[in-house]
Amino acid sequence: MFIRESWYVAGWASELGSGNIARTVLGEPVLIFRSGDGAAAALLDRCPHRALPLSMGDVKRGIVRCAYHGMEFDGTGTCVRIPSQDKIPPSARVRAFPLVERNGLLWIWPGDASRADSSKIPDLYWLSHPHWGARGTTFNVKCNWRLIIDNLMDLTHLTFVHGRTIGNAATIIGAETRAERAGDASVRVTRWMMNAEPPPTYIRAGGFTGPVDRWQIINFTLPSLVRIDVGACAAGTGVREGKRVGGIGMQNINLITPETETSSHYFWAQAHDFSPDEESVTNAIFEEIHRTFMEDVDIFEAQQHALARDPSRPVVDLAADRGGVLVRRLIDRALRQEATAIPLRNVV
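The rules behind these values
- Residue positions are counted from 1 within each chain, in the order its sequence is given.
- In keeping with the predicted nature of the model, local features appear solely for residues at pLDDT of at least 70, side-chain atom pairs appear and are counted solely at 80 or more, and the whole-chain, interface and lining totals rest on all residues.
- To get the side-chain values, take all heavy atoms of the structure and skip hydrogens and water.
- Working definition: a ring pair exists when centres of Phe, Tyr or Trp rings (six-membered ring for Trp) sit within 6.5 Å. Plane angles under 30 degrees give stacked, over 60 give edge-to-face, the rest tilted.
- The numbering of helices and of strands both runs from the N terminus, where a helix is a DSSP run of H or I of at least 4 residues and a strand a run of E of at least 2.
- Burial here depends on accessible area, computed with a 1.4 Å probe over protein chains only, as a share of the maximum for the residue type. Under 20% is buried, over 50% is exposed, and the range in between is partly exposed.
- Only when the NZ of Lys or the CZ of Arg is both within 6 Å of the ring centre and within 35 degrees of the ring normal is a charge said to sit over the ring.
- A pair is scored as a salt bridge if a Lys or Arg side-chain nitrogen falls within 4 Å of a carboxyl oxygen belonging to Asp or Glu.
- The way it works is a 1 Å grid over only the protein atoms, where trapped points that fit a 1.4 Å probe form a cavity and open points with protein on both sides within 12 Å along at least five of seven lines form a pocket, and then any residue with an atom within 4 Å of a point lines it.
- Grid points are joined across faces, edges and corners, and a volume is the space filled by probe spheres set on the points.
- We call Asp, Glu, Lys and Arg charged. Ala, Val, Leu, Ile, Met, Phe, Trp, Tyr, Cys and Pro are nonpolar, and the rest, Gly among them, are polar.
- Residues counted as positive are Lys and Arg, residues counted as negative are Asp and Glu, and His and the chain ends are not counted.
- Each polar contact in these results corresponds to two N or O atoms within 3.5 Å; when the atoms are within protein, one needs to be able to donate a hydrogen and the other to accept it, and residues that are neighboring in sequence are counted only if both atoms are side-chain atoms.
- For this analysis, residues touch if any pair of their heavy atoms sits within 4.5 Å.
- Pairing between strands is defined by DSSP: at least two bridges between them are needed.
- Among buried residues, those of type Ala, Val, Leu, Ile, Met, Phe, Trp, Tyr and Cys that are joined through side-chain atoms within 4.5 Å constitute a nonpolar core.

Attention shifts here to the packing of aromatic side chains. On inspection of all chains with the given rule, the structure shows eight aromatic pairs. Their ring planes at 75° and their centres at 6.2 Å tell us that Phe 139 and Tyr 266 sit as a pair that is edge-to-face. Of this pair, Phe 139 sits in strand β12 (residues 133–141) while Tyr 266 sits in strand β18 (residues 263–272); the two residues are 127 residues apart in sequence, bridging distant segments of the chain. We note that Phe 139, like Tyr 266, is buried. Between Trp 268 and Phe 293 the ring centres are 4.8 Å apart and the planes differ by 65°, which places this aromatic pair in the edge-to-face class. Taken together, the residues span a long stretch of sequence, with Trp 268 in strand β18 and Phe 293 in helix α4 (residues 279–309) at a distance of 25 residues. The buried category is assigned to Trp 268, whose relative accessible area is 0%. Aromatic rings pair up to connect Phe 139, Tyr 266, Trp 268, Phe 286, Phe 293 and Phe 300 into one cluster. Over the aromatic face of Tyr 202 sits the side chain of Arg 214, whose NZ or CZ is 4.5 Å from the ring centroid.

Rendered as C-alpha cells:
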C-alpha cells in the first residue's frame with residue numbers, strides 16, 4: 001500500500017539534460033520531459049488511443065508524439081494534433097501529474113492533483129547551497145520501500161554492516177539514543193557517541209587522530225524522507241551544547257519512492273559543510289558513502305526475498321527499533337487517513 005496524497009521524488013533534474021525519463025512511481029508508469037516552456041512535466045506513460053507507452057515515441061520542442069499513430073500531447077496532457085484527422089476528441093488527453101523542480105530534484109504528486117500544494121515540498125537546500133558540497137545518485141532496489149526506512153531509522157547496524165567505512169564498535173557500545181515524535185508527520189532519533197574512536201570514513205574525511213564526540217540525528221518526515229545530520233568534532237569541544245567547531249558535518253539525505261510493492265527508487269545524496277568548493281572532496285565522500293550504501297542494498301534485497309518466502313512468520317522488535325516503530329505507526333495512520341478521509345492527528 002502507498003501514501004498517494006504526498007510529494008515524492010521522481011528523478012534528478014540533471015536526468016532531463018540527456019533525455020526524457022520513463023519511470024514507474026507508486027505502480028503508475030510516468031513519462032517526465034521538458035515541455036515547450038522548458039518546465040519539467042509528467043504524464044501518464046500511456047497513449048489514450050491504444051495504450052502504447054508514450055515513452056516509446058519521441059519528444060520534440062516540448063511535444064510528446066506517440067510512436068503508434070503519431071498523436072501529439074503537450075505538457076498538460078492535452079492532445080494538440082492527430083495526423084489522421086482534424087477533429088480532436090475531448091477524451092483524447094493524458095493524465096498529467098503535478099511536478100515541481102526544486103533543489104535539483106523533480107517532485108511528483110501521484111494523488112489528487114487538486115490537493116497538490118508545492119509549499120509542502122521539503123526544503124533540502126543543502127543540495128544547492130554554495131556553503132555545502134553535495135552529490136547524489138539513485139539506486140533501484142528490489143525491496144519494499146518500508147524496509148529502507150527501517151534501516152535508516154536504526155543505525156546500530158553500522159557496526160556490523162559498515163565496519164570498513166562509517167561503522168565501528170562505538171556506533172553501538174555506549175551510544176546514547178532517544179527516539180521521539182517531532183510533530184504529526186515526523187519522528188526524530190538522536191544518537192550521541194561521546195569520546196569515541198572515529199570510524200574509518202571520518203578519519204579519512206576529518207583527519208582525526210584522537211577520540212571524537214559524534215552525533216547522528218535522524219529526521220523522518222512523511223511519506224518517505226529520512227534526513228540524517230551526522231558529524232564529529234574532537235572530544236570535549238562541546239558539540240552537545242551546539243559548538244560544532246573544527247570538525248566535520250554532513251547531511252545524508254534519503255528519499256525513497258515506491259516503484260511497486262517489491263521495488264523502490266532510492267534517491268540519496270551526501271552533503272558536507274567542509275571544503276564545499278573542492279570537487280575532489282565531494283567525490284571522495286560520495287564514493288565512501290556509495291560503497292556503504294551498496295552494502296545496505298544487499299541487505300534490503302535479502303530481507304525482501306526472505307519475507308516473500310514466508311510472509312506469515314513474525315519479526316521481533318528490539319529497543320533500537322523505537323524510532324522505526326514510531327515511523328511505522330505514522331505510515332499506517334496516514335494510510336488509514338487516506339482510506340477514510342479522516343484528518344491526520346494524534347498519530348501515536
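And the narrative resumes.
Let's shift gears to the pattern of salt bridges. The final tally for this structure, using the stated rule, is 16 salt bridges. As a salt-bridge pair, Arg 65 and Asp 58 come within 3.1 Å of each other at their nearest N and O atoms. Taking the relative accessible area as the measure of exposure, Arg 65 reaches 35% and is therefore partly exposed. In this structure, Glu 287 and Arg 135 form a salt bridge, with 3.7 Å as the shortest nitrogen-oxygen distance. A residue pair is termed long-range when its members are at least 10 positions apart, and Glu 287 in helix α4 and Arg 135 in strand β12 qualify at 152 residues. Residues participating in the shared-partner salt-bridge network are Asp 150, Asp 317 and Arg 328.

A full pass over the atoms with the stated rule returns one cavity of 30 Å³ or more. Top element by residues in the lining of the largest cavity is α4. It accounts for three residues. Looking at the lining of the largest cavity residue by residue, the classes come out as 10 nonpolar, six polar and two charged.

This next bit is on the side chain of Asp 45. Counting through the fold element by element, Asp 45 comes out in the loop between β4 (40–44) and β5 (58–60). It is Arg 46 that comes nearest to the buried, bridge-free Asp 45 among opposite-charge side chains, at 9.7 Å. Side-chain polar atoms of Asp 45 contact the side chain of Ser 55, separated by 2.7 Å. Apart from the residues within four sequence positions on either side, Asp 45 is in contact with Ala 22, Pro 29, Val 30, Leu 31, Pro 53, Leu 54 and Ser 55.

Moving on to the pairing of strand β1 (residues 8–12). Here is the key point about a regular strand: its side chains alternate between the two faces of the sheet. By the criterion of burial, β1 is predominantly enclosed, with five of the five residues buried. One ladder, built from four bridges, connects β1 with strand β11 (residues 105–108); its direction is antiparallel. Within the sheet, the bridge partner assigned to Tyr 8 lies in β11 and is Ile 108.

Judged by nonpolar contacts, the single largest core of 75 residues is most densely connected at Ile 32, Ile 108, Ile 149, Met 153, Phe 220, Tyr 266 and Ile 331. Element by element, the count of residues in this core is highest for α4, at seven residues. The residues touching Tyr 266, leaving out its near neighbours within four places in the chain, are Thr 137, Thr 138, Phe 139, Val 141, Ile 148, Leu 152, Asn 254, Leu 255, Ile 256, Phe 293 and Phe 300. Within the second largest apolar cluster, 18 residues are counted, among which are Val 9, Ile 121, Leu 127 and Leu 225.

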